[in-house]
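# Structural overview for review
Next come the chains, spelled out residue by residue.
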Amino acid sequence: MLLEKSRKGPLTARFINRYIHSRYDPEKEAVQLLNNFTAQEDYNSQKTVLVFEPGLGYILEKLKSVHDSSNIIIFFYDSDCYNYCKSQGLLDNIKYYHPGSDLSLDGFLGSILYDIDIRNILFFELPSTAALFSDIHNNYQKKILEHLSISHGSEMTRNHFALKWILNSFRNYLYQDFSGRILSIEAPVILTASGPSLEQHISRISELKNSYVIAALPSSLALLSSYGVIPDILFTTDPGFYAREHLRFLHKDTIIISSVISSLIESENFCCGINQHSFPENLLLRENELQGFPEMGTVAATALFYLMKLTRNKIYITGLDFCMSDIKMHAQPHSFTSYILKDESRLNPGYSAFYNRAASMTQSIDGQYRLTRNMNTYTAWFKQQNFNNKVFRLKPAAVSLPIPELDSLPIKPALTFKIKTEMNTEYPDFSERRRRVKNIEQNLNNMILDFENNDKMSSHLSEFTAEVFPKFRLNSEKNNLNENSAKSDFLYKIKYLIKKIGCISNG
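The structure reproduced in this document is the subject of the present report. (Residues numbered from 1 in each chain as written. Predicted model: local features only at pLDDT ≥ 70, side-chain atom pairs only at ≥ 80, totals over all residues. Heavy atoms only, no water.)

### Concerning the environment of Val51
Tracing the backbone shows Val51 in strand β1 (residues 48-52). By relative accessible area, Val51 is classed as buried at 1%. In the structure, Val51 is positioned 74 residues away from Glu125 in sequence and 5.9 Å away in space, judged by C-alpha atoms. Ignoring sequence-local partners within four residues, the contact set of Val51 consists of Leu60, Leu63, Ile72, Ile73, Ile74, Phe75 and Phe124. (Helix = DSSP H or I, 4+ residues; strand = E, 2+ residues; numbered from the N terminus. Buried < 20%, exposed > 50% of the residue type's maximum accessible area, 1.4 Å probe, protein only. Contact = heavy atoms within 4.5 Å.)

### Concerning unusual backbone geometry
Following Gln332, the chain continues into Pro333 via a peptide bond in cis, with omega recorded as 5 degrees. When you line up the elements, Pro333 lands in the loop between β13 (324-325) and α13 (337-340). Going from Lys395 to Pro396, the amide bond is cis rather than trans, its omega being 0 degrees. For Pro396, the position within the fold is in the loop between β16 (391-394) and β17 (405-406).

### Focus on the sheet that holds strand β14 (residues 362-366)
As summarised here, the arrangement of the 3 strands in space is β13-β15-β14, forming an open sheet in which the pairing is antiparallel. At either margin of the open sheet sits one strand with a lone partner, and together these are β13 and β14. Both β14 and strand β15 (residues 369-372) contribute to a ladder of 4 bridges, which runs antiparallel. Within the sheet, the bridge partner assigned to Ser364 lies in β15 and is Leu371. Across the sheet, helix α15 (residues 373-383) is in contact with β13, β14 and β15; its angle to β15 comes to roughly 85 degrees. (Pairing = 2+ DSSP bridges. Axes fitted to C-alpha atoms, helices over the stretch in contact; angles between N-to-C directions.)

### A few points about the side chain of Thr311
Looking at where Thr311 falls in the secondary structure, it is placed in the loop between α12 (299-310) and β12 (315-318). Contacts of Thr311, omitting those with residues within four sequence positions, involve Ile185, Ala187, Val189 and Lys390.

### Re the sheet that holds strand β4 (residues 121-125)
Spatially, 4 strands are ordered β3-β2-β1-β4 in an open sheet, and the strand pairing comes out parallel. Edge positions in the sheet fall to β3 (95-97) and β4, since each has one partner strand and no second. Mean inter-strand twist for the sheet, computed between neighbouring axes without regard to direction, equals 20 degrees. Bridge count for β1 against strand β2 (residues 72-75) is 4 bridges, and the pairing is parallel.

### A short note on the packing of aromatic side chains
Under the definition given, this model contains 22 aromatic pairs. When the ring of Tyr212 is compared with that of Tyr316, the centres are 5.9 Å apart and the planes differ by 85 degrees; the resulting orientation is edge-to-face. Remark: Tyr316 occurs in strand β12 and Tyr212 occurs in the loop between α8 (202-207) and β7 (213-216); sequence separation between them is 104 residues. For Tyr212, a relative accessible area of 0% gives the class buried. Given a relative accessible area of 2%, Tyr316 falls into the buried group. (Phe/Tyr/Trp six-rings, centres within 6.5 Å; stacked < 30°, edge-to-face > 60°.)

### Observations concerning the pattern of salt bridges
On inspection of all chains with the given rule, the structure shows 13 salt bridges. Residues Arg181 and Glu422 are paired through a salt bridge, measuring 3.1 Å at the closest nitrogen-oxygen approach. Of this pair, Arg181 sits in strand β5 (residues 180-185) while Glu422 sits in strand β18 (residues 419-423), and the two are 241 residues apart along the sequence. Classification of Glu422 as partly exposed rests on a relative accessible area of 32%. The partner of Asp489 in a salt bridge is Lys493, and the shortest N-O contact between them spans 2.7 Å. Taken together, the positions of Asp489 and Lys493, both in helix α18 (residues 484-505) and 4 residues apart, correspond to about one turn of that helix. Judged by its relative accessible area of 28%, Lys493 is partly exposed. A single salt-bridge network, built from bridges that share partners, covers Glu289, Glu432, Arg435 and Arg436. (Salt bridge = Lys/Arg side-chain N within 4 Å of Asp/Glu carboxyl O.)

Don't take any of this as a statement about function, it's just geometry.
So this is what it looks like as structure tokens:
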């Protein structure tokens, strides 16, 4: 569809009128384009269609006749085109963005893409408008790809860790006391991540450790311990088994902030639970039993936003690099080093092991820095956020973020009081927690028995399956598993899970 700009400015009513009455037949083109689009092998009327600059809207009229309006999202490149389509009633019941929107593009994308499966997204674009508005087209495409990359990373994480999440949740919920709560932090804060640049600041952190609240991410514990720095707070949200390796360096006086899905070790540390409203947490927890806090996709983001809510003082971040320095991925010492070097020998020196690991994970190289796909995803997420003027990042910082940078930690006076805590009386006692777990186990057993006998999934079992065994989602249309092999595999896995839950609840 050909769109023109007048030399004096944007599209005008006169141009639109001339466009409509020209010999060119936009309706005919719209029909042809739509026929080609719906004939694609991956087209499905239930998928979400992202439409880029529909011009004067002829394609919208045709698309809405075959596709549910609630599954159409429009991105306008030109405000005049938006105004025209709106005046014709073409945008009713449709989500859309245009250059004059009150909400930023990042804000709009965050609100509409966060819960859409990337496999259920289709793209529709008119080549002529992409060429006409090339700059804004490229900006939209870049932003959308960044958001989808984050969503895809979250989806891959969920698929990989779903079973670990549920088992961690039942175990931690029963045997870990999450009833602590931090009310406020009465001091400036240092947040330590494990990027290579942490090494350049660790000596000063050690010198000023009594002047700050030190909040650590798990992977920085080994280096902090080697310098005699005891973190006041540890944030941990990783459900993976190897996350426990970091906790070998956990000091008994450190306050743990964690969700029930995390991989934890037995300890007597004061533990403050957060509810990130994942599926396991929604199964086990009731409103107000733990402090609600949204899932951020990375523990660094969770820690930063949590701290921003708890303190009016300044927060200084170090080691949040999102890149490798040459082949150096983490500040040393690091708790994973022994695993990387486990096969070290004269024929396989440690340097080769570090190089091979770095090379296998590298997506791109920028000078002396290597970047991975995950690092780029985290960077894209951070670049979409707004941080207030009390957050600073300590240099060097090869990957830029929207956070002001400082060369070094400021000198502060020593503190006698840092953190105010209390016990959360809303958190259920052990007998109530065990009752809930046993109730879930019994309900699952009943639903599985019904499924075996009637070959039909209840809505609750279907939801549980989609969350805990994502691979079966595509085989569970109309609430049943049609293939015998898929059904057998599913039953084996869920019965194994039910047995594990029984073992956990019986101690």
